Amino acid sequence: MASHSTIIVKVFFSKYKNTLGPQVISFIEEVLERHNIEDEEVASSVEHLAREYNRQDDAEMVVRLDVLQRVYDTMQNSQRNDDDDGYRHNRFDLESQLFFIDAFDMPMWHWSAERSTFEKVSRKLSISGSPESRVLAVRDRLNIIKQTILRNDNFSPRPFGGGNREKFLRLSSTKDLLGRAGVDFLLFGMLARDQQGQLCLEDLDGRVRLSQSSGAYTSEGFFTEGCFALVEGTYTDDEVVIVNAIGHPPCERRAETRYMTYGAYLYVNRTYMILFPLKNRLSEQLSEHTQLTFFVLSDLWLDHPKTMIGLRKLFHNCIENSWLPKVFIMCGNFYSKGIAKENGKAVTQYQDNFDALADLIASYPLIARTCHFVFVPGPQDLCSSSISPRRPLLPVFISRLKEKLSKVHFLSNPCRIKFLGQEIVVFRENLMARMLRNLIGVKPQTGTEDLKRYLVQSVIDQCHLSPLTTHIQPTLSEYDHAFRLYPMPTSLILADKYERYELTYEGCHVFNPGSFLGTTYGFSTYYPATGKSEPS
């Protein structure tokens, strides 16, 4: 068997920046020979091993033989289990593969620039946060996006030759600008305002003022204060960059992302990250359930008499047509107007509305017994805090729902659902209006349909549900990781009072079910088997 040391070094270094010693290279070559790996499959096999190695908490940039040996042994044991006849023919119970994840249950993982990987934060998270955690939240956002940019084909020349290196794009830092007036630069950083209210770009090394030229090119998407952007421009003697072009960072598809064990992935640590044969079988089983659905409703105003009429009609149709969804996702607001906690009458009515909803669902025993119900609070609902992520609905309002429904889940906003390998993010926020109110720039001659696409593109490209500064959208700094969209989810529900839409961007299906009453009892039906939704 020919030596594959060059391929081994290339795979580990080009994507993961790992350095390999001679003993490690020899071990990998022995593994390839032991399993009779064909030449055309060597690169993919080594990539599999490299990916698993870099998921380990004790992985280092210089590959450790003992860690690599442990990874290989784990993979072998997993494969032997998968080859067992009884295991191979086992069908997964769908209930055991359905997870509902609250934002406050997600561990915090911090991006380590030194190790180029995520590291788990072991200390207990604080609601109040600290000045350091507020800085760290923004820094993590920048580093996560930056490392995906540097892996992009337009920015990453091949380490072992091939291709014209002069054609690749090169990022510069604000510190590179000093003393180089008249030179063009490509910068990456956060759009912000300085103390004088002037638009500037900030990175880890400093900030520089921006001045947009008359013929500057603006790419698609929304540009707001607090979002991260690629800016191409010319540095001047006035210490200002004249912007020639501005764009969002390139996003990374879910399949291309180096899956890191962090956030929701660690929370449901049930072999999702290791057993690839298991993962494949989950996907195969999912494709068989073409009629399995999730119903998504938003702005469920329980104080409006027509809402109960619409829900009764919906439940009746489910029973009559023998079509029960696996999950009902019910998003707020659950009251048609804001409620002051001091308004005792309105608060009492608010609780009575939830009691009436519990009685209505309980009048359909099959639905109450078999379907999962997920309640996600809206911006105006009564929670323990108005700062995002928002806590679940207060227990005092939902006692009867808990009593009458066997599968009810009261989650934060945002929250996540994992089902047979899919990740579905749910976020209830009037995001379109908030983004439009705080625009710094947008492509000229933008139409209504463009707005929907730009919103989706901006959120996905920013890897964050709320790409705004904290003075525009206050958030709990130590729970900012709950807003991350990295890796890219399978589907994203952006429940908004804005008109409904369904879009797929870079493999991520994004949809807004619209208001339940505003669309005449309209909602969205999501099909996990296809990863797509449709208006209902």
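Conventions used here
- Residues numbered from 1 in each chain as written.
- Predicted model: local features only at pLDDT ≥ 70, side-chain atom pairs only at ≥ 80, totals over all residues.
- Heavy atoms only, no water.
- Phe/Tyr/Trp six-rings, centres within 6.5 Å; stacked < 30°, edge-to-face > 60°.
- Helix = DSSP H or I, 4+ residues; strand = E, 2+ residues; numbered from the N terminus.
- Buried < 20%, exposed > 50% of the residue type's maximum accessible area, 1.4 Å probe, protein only.
- Lys NZ or Arg CZ within 6 Å of the ring centre and 35° of its normal.
- Salt bridge = Lys/Arg side-chain N within 4 Å of Asp/Glu carboxyl O.
- Axes fitted to C-alpha atoms, helices over the stretch in contact; angles between N-to-C directions.
- Parallel < 35°, antiparallel > 145°, perpendicular 65-115°, else oblique.
- Left-handed = near helix turned anticlockwise from the far one by under 90°.
- Contact = heavy atoms within 4.5 Å.
- Nonpolar A, V, L, I, M, F, W, Y, C, P; charged D, E, K, R; others polar.
- Core = buried A, V, L, I, M, F, W, Y, C linked by side-chain atoms within 4.5 Å.
- Pairing = 2+ DSSP bridges.
- Right-handed = clockwise from strand over helix to strand, strands pointing away.
- Lys, Arg positive; Asp, Glu negative; His and termini not counted.
- Polar contact = N/O pair within 3.5 Å; in protein donor to acceptor, adjacent residues only side chain to side chain.
- Patch = residues over 30% accessible without salt bridge, like charges linked within 9 Å, V, L, I, M, F, W, Y side chains within 5 Å.
- Areas by Shrake-Rupley, 256 points an atom, 1.4 Å probe, with all protein chains shown as cover.
- Charge placed at Lys NZ, Arg CZ, Asp CG, Glu CD.

## Quick notes on the packing of aromatic side chains
- This model, assessed by the stated rule, comprises 20 aromatic pairs.
- Arranged with centres 5.5 Å apart and planes meeting at 85 degrees, the rings of Phe315 and Phe328 form a pair that is edge-to-face. Of this pair, Phe315 sits in helix 9 (residues 305-320) while Phe328 is found in strand 11 (residues 327-331), placing the two residues 13 residues apart along the sequence. In this pair, the class of Phe315 matches that of Phe328, namely buried.
- Ring plane angle 10 degrees and centroid distance 6.0 Å describe the contact between Phe511 and Tyr526, whose orientation is recorded as stacked. Of the two residues, Phe511 sits in strand 19 (residues 508-512) while Tyr526 sits in strand 20 (residues 524-527), which places them 15 residues apart along the sequence. This pair shows no difference in class: Phe511 is buried, exactly as Tyr526 is.
- Put simply, the rings of Phe334, Tyr335, Tyr350, Phe354, Phe375, Phe397 and Phe410 pair up and form one aromatic cluster.
- Over the ring of Phe104 we find Arg391, and its NZ or CZ is 3.7 Å from the ring centre.

## Considerations on the pattern of salt bridges
- Across all of its chains, the model carries 22 salt bridges by this definition.
- Note that Lys407 and Glu95 form a salt bridge whose closest N and O atoms lie 3.6 Å from each other. With a gap of 312 residues between them, Lys407 in the loop between helix 12 (399-404) and strand 13 (408-410) and Glu95 in the loop between helix 5 (85-88) and strand 1 (98-102) connect regions that are remote in the sequence.
- Given the relative accessible area of 23%, Lys407 is considered partly exposed.

## A closer look at the packing of helix 9 against helix 10 (residues 344-362)
- Helix 10 packs onto helix 9 with a crossing angle of 20 degrees between their chain directions and a minimal axis gap of 11 Å. Judged on the interaxial angle alone, helix 10 and helix 9 are roughly parallel. The handedness of the crossing between helix 9 and helix 10 is right-handed. In this structure, helix 9 uses Met308, Leu311, Arg312 and Phe315 to contact helix 10, whose residues at the interface are Asn353, Ala356, Leu357, Leu360 and Ile361.
- Classifying every residue of the contact of helix 9 with helix 10 by side-chain character gives seven nonpolar, one polar and one charged.

## As for the nonpolar core
- Among the nonpolar cores identified, the biggest contains 38 residues, and Leu311, Phe315, Phe328, Phe373 and Phe375 are the most heavily contacted of them.
- When residues of this core are assigned to their parent elements, the largest contribution, seven residues, is made by helix 10.
- Excluding its chain neighbours within four sequence positions, the residues that come into contact with Phe328 are Phe295, Leu297, Leu314, Phe315, Cys318, Ile367, Cys371, His372, Phe373 and Val374.
- Counting residues in each nonpolar core, the second largest holds 26 residues, with Val425, Leu455, Leu468 and Leu494 among its members.

## Concerning the pairing of strand 4 (residues 184-193)
- Burial analysis of strand 4 places eight of its 10 residues in the buried class, the great majority of the element.
- Both strand 4 and strand 8 (residues 228-235) contribute to a ladder of seven bridges, which runs antiparallel. Bridge pairing in strand 8 links Phe188 to Leu230.
- Direction of pairing for strand 4 relative to strand 5 (residues 199-203): antiparallel, over a ladder of four bridges. Pairing of Ala192 across the sheet is with Cys200, part of strand 5.
- In this antiparallel pair of consecutive strands, strand 4 and strand 5, the connection spans five residues, and Gly197 shows a positive phi of 85 degrees.

## Remarks on the pairing of strand 10 (residues 294-297)
- Burial along strand 10 is two-sided: the residues Phe294 and Val296 and Phe295 and Leu297 are all buried.
- For strand 10 and strand 11, the ladder comprises four bridges, and the chain directions are parallel. Counterpart to Val296 in the pairing with strand 11 is Ile329.
- Chirality of the crossover, the property in question, places the unit of strand 10, helix 9 and strand 11 among those that are right-handed.

## Considering the sheet that holds strand 1
- Spatially, the six strands line up as an open sheet ordered 1-14-15-17-19-18, and their pairing is mixed. Edge strands, defined here as strands with exactly one partner in the open sheet, are strand 1 and strand 18 (501-505). Looking at each pair of strands side by side, their axes are set apart by 15 degrees on average, direction ignored.
- For strand 14 (residues 415-419) and strand 15 (residues 422-428), the ladder comprises five bridges, and the chain directions are antiparallel. Considered in strand 15, the bridge of Cys415 is made with Val426.

## Remarks on the side chain of Asp203
- Looking at the element boundaries, Asp203 is found in strand 5.
- Notably, Asp203 is buried but unbridged: the nearest opposite-charge side chain belongs to Lys146, and the N-O separation is 6.8 Å.
- A polar contact is formed between the side chain of Asp203 and the backbone nitrogen of Asp205, at a distance of 2.9 Å.
- Residues in contact with Asp203, not counting those within four places in the same chain, are Leu142, Ser173, Thr174 and Phe188.

## Brief notes about a negative patch on the surface
- The grouping of Glu38, Asp39, Glu40 and Glu41 at the surface amounts to a negative patch.
- Here Glu41 shows up in the loop between helix 2 (22-34) and helix 3 (42-54).
- Judged by its relative accessible area of 38%, Glu41 falls in the partly exposed class.

## Digging into the sheet that holds strand 12 (residues 372-376)
- One open sheet holds the six strands; their spatial order is 13-12-11-10-20-21, and the pairing between them is mixed. Each edge of the open sheet is held by one strand with a lone partner, namely strand 13 and strand 21 (532-535). Averaged over all pairs of adjacent strands, the angle between their axes in this sheet comes to 20 degrees, without regard to strand direction.
- Packed onto the sheet, helix 9 meets strand 10, strand 11 and strand 12 and runs at close to 170 degrees relative to strand 11.

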